[in-house]
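Next come the chains, spelled out residue by residue.
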Amino acid sequence: NAALSVNLDDIKAAWQNAIDSLSKIKMSVATYFNEGSPFTMDKNVLTVVFPKDYSLHKETLEVKENRSLIEKTLSELLKNNLRVNFVLSENAVSKQGEHHSFIKNVVDAFNGRVIKEG
């Protein structure tokens, strides 16, 4: 009783649902996972790519407990036993523009606001 194979389009279609599910369980994992992009699907291994300066995101998601949570969430959504692999890439770009998300996080952390000069 082999499971149906999952392709990259299936992953992309389920991506937002996966983020939503993760955010209900562990917000930090959902936030970091959201910065990645599904890159390749080989057999049952999904490779998620992050911009090269997002090594903190990659390392956090590689922690056994976080990786298991992501794999469990994706596996349930796609009714398949999936594994995830995280890589950094020169070609991957941040979803929110290079510095926007960092500035937003800092501003949020301090309950501040950005005042434009000029």
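Look above for the structure.
Just so we're clear, the structure is a prediction, and the values are computed from it rather than from any experiment.

A.B. asks: Explanation requested: helix α4 (residues 64-78) in the structure shown.
C.D. replies: Owing to its 3.6 residues per turn, the α-helix aligns residues three or four sequence positions apart on the same side. In this model, α4 (15 residues) spans 21 Å end to end at C-alpha, consistent with the 21 Å of a helix rising 1.5 Å per residue. Summarising the contacts, the buried residues of α4 are in contact with α1 (8-25), α2 (27-34), β2 (45-51), α3 (55-62) and β3 (83-89). Downstream of α4 by a residue or two, Lys79 has a phi angle that is positive, lying close to 50°.

A.B. asks: Would you take a moment to explain the packing of α1 against α2 for this structure?
C.D. replies: Relative placement of two packed helices is described by the angle separating their axes and the distance separating the axes. Packing of α1 against α2 brings their axes to within 6 Å, and their N-to-C directions diverge by 155°. What the angle tells us is that α1 and α2 run roughly antiparallel. Contacts from Trp15, Ala18, Ile19, Leu22, Ser23 and Ile25 of α1 reach α2 at Met27, Val29, Ala30, Phe33 and Asn34. Along the lines of polarity and charge, the residues of the contact of α1 with α2 split into nine nonpolar, two polar and no charged.

A.B. asks: Before we go on, may I ask you to explain unusual backbone geometry in this structure?
C.D. replies: Most peptide bonds are trans, and most residues other than glycine sit at a negative phi. In this structure, Lys43 is a non-glycine residue whose phi angle is positive, near 55°. A positive phi angle is found at Lys79, which is not glycine, with a value near 50°. Residue Lys79 is classed as exposed on the basis of its relative accessible area of 70%.

A.B. asks: What should I look at first to understand the packing of aromatic side chains in this one?
C.D. replies: Both the distance between ring centres and the angle between the ring planes are used here to describe each pair of aromatic rings. Inspection of the entire model under this criterion finds two aromatic pairs. Where Phe50 meets Phe86, the ring centres are 6.1 Å apart and the plane angle is 55°; that geometry is what we call tilted. Of this pair, Phe50 sits in strand β2 while Phe86 sits in strand β3, and the two are 36 residues apart along the sequence. Classification of Phe50 as buried rests on a relative accessible area of 0%.

Analysis parameters
Residues numbered from 1 in each chain as written. Predicted model: local features only at pLDDT ≥ 70, side-chain atom pairs only at ≥ 80, totals over all residues. Heavy atoms only, no water. Helix = DSSP H or I, 4+ residues; strand = E, 2+ residues; numbered from the N terminus. Expected span 1.5 Å × (residues − 1). Contact = heavy atoms within 4.5 Å. Axes fitted to C-alpha atoms, helices over the stretch in contact; angles between N-to-C directions. Parallel < 35°, antiparallel > 145°, perpendicular 65-115°, else oblique. Nonpolar A, V, L, I, M, F, W, Y, C, P; charged D, E, K, R; others polar. Buried < 20%, exposed > 50% of the residue type's maximum accessible area, 1.4 Å probe, protein only. Phe/Tyr/Trp six-rings, centres within 6.5 Å; stacked < 30°, edge-to-face > 60°.

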